[in-house]
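# Working through the structure, step by step
What follows is the residue order along each chain.
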Amino acid sequence: MMKVITQAIVILALTLAAAAATQRWHPRAPAWYVAEERLADDEVTLALVQEKWKGEVLWIDARPRTDYEAGHVPGAVLLNEQEADSLMFDLFEKLQDNAKPIVVYCSGEACQASRKIRQYLKERVGSQDIYVLRGGWKEAQTLGSAQK
């Protein structure tokens, strides 16, 4: 019995040593524990959009046109980096008359296009209620998808 306990302790110690080494030297080290990251001041979650505004927001899709045409949040308008100035010309009046909060999404969490479009809109429209959707398109797809 003592031999089994000793072996279990050795296996446990080796496992902990391997985990510590992975955490220390792996370039994309996994977290020791899972904790939800705090939202940035300019971010919202889909749950927050539903809770705070009952989903009544103006959706801006910051993805490339081909992605937008393949599917987007129902009612979302396209405003991406590649065509921002020409698209803004058509959207400017709609954005000026808009009383709803604006939520921008792009391809995913690592995508920075939504943050760039948010800044672009703040400079041109001036609204303070412009947010980035945490989780991007993957999260937005739960609302359903509309084709152009």
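Scroll up to find the structure this text is about.
Residues numbered from 1 in each chain as written. Predicted model: local features only at pLDDT ≥ 70, side-chain atom pairs only at ≥ 80, totals over all residues. Heavy atoms only, no water.

This part takes up the state of the cysteines. For the structure on display, the rule yields one disulfide. Two residues share a disulfide in this structure: Cys-106 and Cys-111, whose sulfurs sit 2.4 Å from each other. (Disulfide = S-S within 2.5 Å.)

To continue, consider unusual backbone geometry. The backbone of Lys-54 shows a phi angle near 55 degrees, a positive value even though the residue is not glycine. Looking at where Lys-54 falls in the secondary structure, it is placed in the loop between helix H2 (46–53) and strand E2 (58–61). (Helix = DSSP H or I, 4+ residues; strand = E, 2+ residues; numbered from the N terminus.)

Every regular strand shows the same layout, with side chains that alternate between the two sheet faces. Taking every second residue as pointing to the same face, both faces of strand E5 (residues 130–133) are buried, with Ile-130 and Val-132 on one and Tyr-131 and Leu-133 on the other. Two elements, strand E1 (residues 43–44) and E5, share two bridges in a ladder whose sense is parallel. From the neighbouring strand, Val-44 faces E5, where its bridge partner is Leu-133. Here strand E4 (residues 102–105) runs beside E5; their pairing, made up of three bridges, is parallel. By the bridge assignment for E5, Val-104 is matched with Val-132. The parallel pair E4 and E5 is bridged by helix H5 (residues 113–124), and the resulting crossover is right-handed. (Buried < 20%, exposed > 50% of the residue type's maximum accessible area, 1.4 Å probe, protein only. Pairing = 2+ DSSP bridges. Right-handed = clockwise from strand over helix to strand, strands pointing away.)

Turning our attention to the side chain of Ser-114. Inspection of the secondary structure assignment puts Ser-114 in helix H5. Relative accessible area serves as the criterion here: at 2%, Ser-114 is assigned to the buried category. With near-sequence residues (within four places) excluded, Ser-114 lies in contact with Ala-62, Val-104, Tyr-105, Cys-106 and Val-132. (Contact = heavy atoms within 4.5 Å.)

Another point: the nonpolar core. Ile-60, Leu-79, Leu-95, Ile-102, Val-104 and Leu-121 are the most contacted members of the largest nonpolar core, which totals 21 residues. When contributions to this core are tallied by element, the ones reaching two or more residues are E2, strand E3 (77–78), helix H4 (84–97), E4 and H5. In terms of residue count, the dominant contributor to this core is H4 (five residues). Excluding residues that lie within four positions of it along the chain, Ile-102 makes contacts with Leu-58, Ile-60, Leu-95, Leu-121, Asp-129, Ile-130 and Tyr-131. Among the nonpolar cores identified, the runner-up in size contains 14 residues, and Leu-46, Val-57, Leu-133 and Trp-137 belong to it. (Core = buried A, V, L, I, M, F, W, Y, C linked by side-chain atoms within 4.5 Å.)

Helix length check: H5 (twelve residues) gives 16 Å between terminal C-alpha atoms against 16 Å at 1.5 Å per residue, within 8%. Inspection of H5 places Ala-113, Ser-114, Ile-117, Arg-118, Tyr-120 and Leu-121 among the buried residues, and these make up the whole buried set. Viewed end-on, H5 has its buried residues packed into an arc of 165 degrees, placing them on one side of the element. In the core, the buried residues of H5 are packed alongside E2, H4, E4 and E5. Gly-126, located one to two residues past H5, shows a positive phi value of around 85 degrees. (Expected span 1.5 Å × (residues − 1). Arc of directions from axis to C-beta.)

Attention shifts here to the pattern of salt bridges. As enumerated under the stated definition, the model contains nine salt bridges in all. Across the salt bridge formed by Arg-63 and Asp-61, the nearest N and O atoms sit 2.8 Å from each other. Grouping residues by exposure puts Arg-63 and Asp-61 together as buried. For Glu-123, the salt bridge goes to Arg-124, with nearest N and O atoms at 3.3 Å. (Salt bridge = Lys/Arg side-chain N within 4 Å of Asp/Glu carboxyl O.)

Let us look at the packing of aromatic side chains. Aromatic ring pairs are described here by two measures, namely the spacing of the ring centres and the angle between the planes. Applying the stated criterion across every chain yields a total of three aromatic pairs. Ring geometry for Trp-53 and Tyr-131: centres 5.3 Å apart, planes at 40 degrees, overall tilted. Of this pair, Trp-53 sits in helix H2 while Tyr-131 sits in strand E5; the two residues are 78 residues apart in sequence, bridging distant segments of the chain. Considered together, Trp-53 and Tyr-131 belong to a single accessibility category, that of buried residues. Aromatic side chains Tyr-105 and Trp-137 sit 5.7 Å apart centroid to centroid with 20 degrees between the ring planes, which places their arrangement in the stacked category. Of this pair, Tyr-105 sits in strand E4 while Trp-137 is found in helix H6 (residues 136–140), placing the two residues 32 residues apart along the sequence. Take Tyr-105: its relative accessible area is 0%, and that puts it in the buried class. Residue class for Trp-137 comes out buried when judged on its relative accessible area of 13%. Joined through ring pairs, the aromatic side chains of Trp-59, Tyr-105 and Trp-137 make up one cluster. (Phe/Tyr/Trp six-rings, centres within 6.5 Å; stacked < 30°, edge-to-face > 60°.)

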